[in-house]
Amino acid sequence: ILSIVFLLYTIFAGFLSEVPRLPILHETIRNQYFHVCMWFVMMILFTVGLIFSIRHLASNKQEHDIIANESTNVGIVFGILGLITGSIWAKFTWGAWWTNDVKLNGAAITMLTYFAYIILRSSITDEQKRGKVAAVYNIFAYVMMLVFVLIYPRMNDSLHPGNGGNPGFSTYDLNNNMRMVFYPAVIGWTLLGVWIMTLRIRIQNIQLKNDL
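Rules of the game
Residues numbered from 1 in each chain as written. Predicted model: local features only at pLDDT ≥ 70, side-chain atom pairs only at ≥ 80, totals over all residues. Heavy atoms only, no water. Axes fitted to C-alpha atoms, helices over the stretch in contact; angles between N-to-C directions. Helix = DSSP H or I, 4+ residues; strand = E, 2+ residues; numbered from the N terminus. Left-handed = near helix turned anticlockwise from the far one by under 90°. Contact = heavy atoms within 4.5 Å. Nonpolar A, V, L, I, M, F, W, Y, C, P; charged D, E, K, R; others polar. Salt bridge = Lys/Arg side-chain N within 4 Å of Asp/Glu carboxyl O. Buried < 20%, exposed > 50% of the residue type's maximum accessible area, 1.4 Å probe, protein only. Expected span 1.5 Å × (residues − 1).

Student: In this structure, what is going on with the packing of helix α2 (residues 35-59) against helix α5 (residues 127-151)? I would like to understand it.
Tutor: Relative placement of two packed helices is described by the angle separating their axes and the distance separating the axes. It is at 9 Å that the axes of α2 and α5 come closest, and there the two elements cross at 145°. Judged by the twist between their axes, the crossing of α2 over α5 is left-handed. Contacts between α2 and α5 pair Met42, Met43, Phe46, Thr47, Gly49, Leu50, Ser53, Ile54, His56 and Leu57 from the former with Gly131, Lys132, Ala135, Val136, Asn138, Ile139, Tyr142, Met145 and Leu150 from the latter. Classifying every residue of the contact of α2 with α5 by side-chain character gives twelve nonpolar, six polar and one charged.

Student: Help me out: how do you make sense of the pattern of salt bridges in this one?
Tutor: A pair can form between side chains of opposite charge whenever their charged atoms are brought close. Taken as a whole, this structure holds two salt bridges when the rule is applied. One salt bridge in this structure joins Arg121 and Asp65, with 2.9 Å as the shortest N-O distance. Placement of the pair is Arg121 in helix α4 (residues 102-122) and Asp65 in helix α3 (residues 62-93), with a sequence separation of 56 residues. Accessibility assignment for this pair places Arg121 and Asp65 in one class, buried. For the salt bridge of Glu70 with Arg200, the shortest nitrogen-to-oxygen distance reads 2.5 Å. Of the two residues, Glu70 sits in helix α3 while Arg200 sits in helix α6 (residues 176-211), which places them 130 residues apart along the sequence. When its relative accessible area of 1% is taken as the criterion, Glu70 is described as buried. You can call Arg200 partly exposed: its relative accessible area is 36%.

Student: How do you make sense of α2 when you look at a structure like this?
Tutor: Its 25 residues place the ends of α2 36 Å apart at the C-alpha level, agreeing with the 36 Å of an ideal helix rising 1.5 Å per residue. Asn60 sits one or two positions beyond α2 and adopts a positive phi of about 65°.

What follows is the structure, given as structure tokens:
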């Protein structure tokens with residue numbers, strides 16, 4: 001219920017509130033309430049996946065493997081949504097759906113790395129082996145995400161705000177009016193992602209009990 005309230009507020013307030021009149025960006029800056037939030041949720045869920053992958057390696061409990069798997073799966077969905085909304089934004093501001101930009105390429109590599117996680121899990125039939133191998137790979141994928149999304153883009157020139165000297169999350173593109181929408185949007189999308197994750201975990205736990 002809370003996620004729905006926050007998201008409804010985001011939709012209505014996001015389109016009705018005043019935004020900075022910036023060259024090139026213009027009204028497309030409202031996409032920040034969607035694109036940026038998707039990536040926030042993705043990183044939060046991937047972090048949950050990392051934590052429970054480590055816990056699974058330490059405890060070998062299947063419950064931890066389920067949480068790691070489902071949080072990662074839902075994180076991948078939000079990552080795809082982040083790529084789609086980012087691509088739409090790029091078309092309106094940079095004139096192309098995709099550019100040879102270090103941040104964009106890093107995001108693509110990150111998603112391909114996590115797609116491989118899904119393929120890896122589906123290729124192993126033994127539950128114990130699948131959980132262990134998937135947990136190790138999930139840790140590797142998370143490190144790759146940090147490198148290609150957070151670290152490497154900051155060391156190179158980039159069109160993407162917040163990287164390569166290009167300002168982001170400052171008075172340039174986030175004034176007080178936008179903060180009144182952006183922060184609730186982050187909360188709303190995060191709650192939605194966590195809710196979907198918990199639903200999938202419950203379904204997996206029910207299936208696990210039925211198989212016993």
